[in-house]
Amino acid sequence: MSQNQSAEVAIAIPESRPRLNPLAGLLDIERFGLIYVWLLLIAGYSLFVPSFFSVSTFQIVLGSQATQIVITLAVVVALLGGEFDLSVANVMAVAATAVVTLNTDYAWPIGWTILAVIAAALAFGALNAFISVRIGVPSIITTLGSGTLLMGAANGWAGSAPRAGVDQRLIDLVSLDVLGAPLAIYVTFAIGIGIYYVLEHTPAGRAFVFSGQNAEVARLAGIRVARMRSASLIWSSLLSSVAGILLVGITGASVPAVASGYLLPAFAGAFLGSTVIRPGRFNVAGVFIAIYFLVTGVTGLQLLGYTGWVNDVFYGFSLVLAVVLTQLIAKSRRSSGARAP
Amino acid sequence: MAAALEVRGIVKRYGALVANAGVDLVVERGEIHGIMGENGAGKSTLMNILYGVTQPDAGEIRLGGALVRLRSPLDAIRNGLGMVHQAFRLFDSLSVWENIVFGREPVRGWVVDGRTARAAVAELAERFSLSVNVDARVGDLSVGVRQRVEILKALYREARILILDEPTAVLTPREADALADVMRALVADGRSILFVTHKLREVLDVTDRITVMRHGAVSARLETARTSEQEVVRAMVGRAVSLDIQRPDVATGDVVLEVDHLSVKMEHGHSAVSDAGLTVHAGEIVGIAGVAGNGQSELIEAIAGLRRHAGGTIRLRGTEIGGLSVGARRRLGVAYIPEDRATVGTAGRASASENLILGFQRRREFQRWGHLLHERVLGWAQRLIVRYDVRIRDAQTPVDTLSGGNLQKVVVARELEHQAALIIAEQPTRGVDIGAIEFIHRKLLEERARGRAILLVSAELSEILALSDRILVIYEGRIVANLPSREASEERIGSLLAGGSGDAPPVEAGPLRAPSPAPSLSDAKLRDP
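For every chain, the first residue of the written sequence is number 1, and numbering continues from 1 along that sequence. Lettering of chains starts at A and numbering of ligands starts at 1, both following the order in which they are written. Owing to the predicted nature of the model, reporting of local features is limited to residues with pLDDT of at least 70; listing and counting of side-chain atom pairs is limited to 80 or more, with chain, interface and lining totals taken over all residues. As a convention, hydrogens and water are excluded, and side-chain values are obtained from all of the structure's heavy atoms.

1. Looking at a nonpolar patch on the surface
Residue and element names in this part refer to chain A.
Reasoning step 1: Think of a patch as exposed residues, more than 30% relative accessible area, with no salt bridge, where like charges cluster within 9 Å and nonpolar side chains (Val, Leu, Ile, Met, Phe, Trp, Tyr) cluster within 5 Å. Exposure was quantified through the Shrake-Rupley algorithm and a 1.4 Å probe, taking into account, for residues, occlusion by the shown protein chains and nothing else. Salt bridge, as applied in this entry: a Lys or Arg side-chain nitrogen positioned within 4 Å of an Asp or Glu carboxyl oxygen. Among the surface-exposed residues, F317, V320, L321, V323, V324, L325 and L328 lie close enough to one another that they form a single nonpolar patch of about 590 Å² accessible area.
Reasoning step 2: Note on placement: L321 falls in helix α16 (residues 309–339).
Reasoning step 3: Type-normalised accessible area, obtained with a 1.4 Å probe on protein chains alone, sets the label of each residue: buried when under 20%, exposed when over 50%, and partly exposed for intermediate values. Using a relative accessible area of 39% as the deciding quantity, one classes L321 as partly exposed. Here a helix means four or more residues in a row that DSSP labels H or I, a strand means two or more in a row labelled E, and each is numbered from the N terminus.

Below, the structure written as structure tokens:
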């Protein structure tokens, strides 16, 4: 192995295991297990659900998840920074409401509306950061409270009923068909790749990730940990508002009541995602795999005729399963650490 | 020329406790400056202030003559200060070079430039003869190598003044010697070192000057060449201390602990302890000597009930206890002073009284109809605090405010109060100041005189030799020797510890083992903290 190559490996895979040949690598159940389960799920549904294996199902599954993936990325960014952000779904819903309301009732041009909503989300994230990092309230409590407050205030301002009538150009843009999939999904992938790149390959991203892993070590290495923690909450709010804007573009309306439906899959996706690609760590690629796995599962069940309650059962089960797996991975890591030469 | 570091009138209070009461310190360029003092003397507070971790209430710090304010470790790093902590602060999952450059990665454009980083680290390691494999995962490294990584991390941040906080506490003697060479190379390069330690021999061996602290103030400034062990100890403790222990003869009684053919396997199947047998009689101290990682922790944990054993028997006064829970064993008469007082021995945020009552809550005297009687608990805790000389504000103060020695006294007080037939003392004086060592040794000998059976594990050979009636040597999970203490000498045990026969000086020349013992011993220390 040349020096250069080993450096690359070390960056990409800090666990820095010896590189296997590609075929053996694909058989690494620990890293790719969820992908195989996903493929099995697809194969199973295709056999037993006649309508499942079709281009339209594929498009629905691929295209419908833009907002869910962005919201999950928001959760992951917060988790990587060492924080819990429970306000993501509410921020998303309120951002959607604000886009519609400002654009229709207040007749703001759509461009300014979007900028204003993003700015407001940044301010909200900064408020969460101030309370959690400066004052020292655990972020899980801070965001539970602030998210509920935000939702309530938005309902008081714009009402809790679904609202439509947003600028058609937003809808057209977000749903623009590019090679059979809406533009939204490409935006989602671009956001994912951007986050991955920053976290893995820039000094700031690495400082961010490792501050989240062990704040004390990072602080003593000269990292401004408070700044990193704040950034994680601000970024998660920002991403949540982007999800809200995409949501309006996709559905053409704001539906405040949908917020609650996004939170649990987001955490399920984040934790389930941490069991693949890079087991034991929240990671961007894992989010995409986990969300598509989850939505495949739910879509198949719906095609089988189960609706409504089955979502909760499936997502709840997946979240518990994911955290159990995470725990088992951590355990096996620890014992293999003790064995090391 | 201005001193490398000049500290004037540093004051730091924690509530009523004055950790630093006007400390002055001058460190010259190119010197190794020893900082000595008992636990609780204020050394750690001072070092944390110098590294920007805590802020002083008063006083000033000058670096090369210029006044600085150090509000964070980042400030300290920028001003050329580096610190190697006693418990290493590294990311186990990252490689050596990633840890070293962390937070200061060289970039090419926006991206971390791994190749440049590795080269820089390798060059730095070469320059100071700190041999490390820059691509190794830190979690796989031995303690000594991790320490080198910490030193390199400070050097990579261009530290001109290095603070080494008890750096030898975790090292084997050979690793400690290697560290001394590194320190000399660093000062030859014009850097300065603040060397914080408890160990007299080391401080006299490697330092140029010594500042001794006591009760938060400087009690002596000494030139190493012109001082003596006695003078340093007197400055530390405020009186002459002798650790030469008078071990009166005590008639040994019945067998209390009897372990036969005990084996302990780790999670992944390899044996930590194989076929170990030992007995401890009433009125006897049996010492287990061994280099860390040779199975003594696992052996003790199996006896205490913290770890399942794979085979063999453990009998306490004739009763098999191998299958019992920790609680059941304790009720039958096992007291345990664990190695790690801070995480296993005590609950940090809980008060002294809450810690002292642990395991006693069910006693009749402390409850009425299932309701704890706080007055009685407090009174009882207060009596123990006095009897064991724990220096704490009051019984309701959380124990995480205590220094190591005082925290250890809390654990010792609680465990000895159990009046258990068997006392397991695991590293009872590690990282504890001289005054507390003396105290704990005296308490253990008192328990011995009361007819208790004591099983002592210690990494300090001198402690084993001073206290034990019999000495067992454990090597690679096997008990390889069982000697009455009068037949044991430091040389003989030292040889056994390294896997030798006990007849000849061991180590390098040993033809019986292919790898020399030192690497395998340090490798064995691979336990994640």
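Additional details are given in the paragraphs that follow.
2. So, the domain arrangement of chain B
Residues and elements named next belong to chain B.
Reasoning step 1: Here the domain parsing of chain B yields domain 1 (5–237), domain 2 (242–333 + 420–428 + 449–529) and domain 3 (339–419).
Reasoning step 2: Across the boundary between the two partners, domain 2 contributes 10 residues, which contact six residues of domain 3.
Reasoning step 3: Between domain 2 and domain 3, roughly 770 Å² of surface is buried when both sides are summed, and carbon and sulfur atoms account for 37% of that area.
Reasoning step 4: Our enumeration of links across domain 2 and domain 3 arrives at one salt bridge.
Reasoning step 5: Here E415 and R330 are joined by a salt bridge, their closest N and O atoms 2.4 Å apart. For each domain, the first and last residues come from an automatic or database assignment. The contact rule is simple, with two residues in contact once any of their heavy atoms fall within 4.5 Å. Throughout, buried area stands for the accessible area (probe radius 1.4 Å) lost by two parts on being put together, summed over both.

3. Focus on the pattern of salt bridges
Should the charged atoms of two oppositely charged side chains come close, the side chains can pair.
Reasoning step 1: Under the counting rule described, the total for this entry stands at 36 salt bridges over all chains.
Reasoning step 2: Ionic pairing is found between R146(B) and D92(B), a salt bridge with its closest N-O pair at 3.7 Å. Residue R146(B) is located in helix α5 (residues 143–156), and its partner D92(B) is located in the loop between β6 (81–84) and α3 (96–101); the two are separated by 54 residues in the primary sequence.
Reasoning step 3: Among the charged side chains, a salt-bridge network with shared partners connects E200(A), R278(A) and R281(A).

4. Quick word on the side chain of R163(A)
Residue and element names in this part refer to chain A.
Reasoning step 1: Position of R163 among the secondary structure elements: in strand β1 (residues 163–164).
Reasoning step 2: In this structure R163 comes out as buried when scored by relative accessible area, which is 18%.
Reasoning step 3: Among all residues touching R163, those that are not within four sequence positions of it are V100, T101, T104, D105, A158, G252, A253 and S254.

5. Let's talk about the packing of aromatic side chains
Reasoning step 1: Two rings from Phe, Tyr or Trp (for Trp, the six-membered ring) form a pair when their centres sit within 6.5 Å of each other. Planes less than 30 degrees apart are called stacked, planes more than 60 degrees apart edge-to-face, and all others tilted. Tallying each qualifying case throughout the model produces 13 aromatic pairs over all chains.
Reasoning step 2: Ring centres of F366(B) and W380(B) lie 5.2 Å apart, and the angle between their planes is 65°; on these two criteria the pair is classed as edge-to-face. Pair noted here: F366(B) is in the loop between α12 (352–357) and β19 (367–368) and W380(B) is in helix α13 (residues 374–387), with a separation of 14 residues, a long-range link.
Reasoning step 3: On the basis of relative accessible area, F366(B) is assigned to the buried category, the value being 2%.
Reasoning step 4: Put simply, the rings of F210(A), F91(B) and F102(B) touch in pairs and so form one group of aromatic residues.

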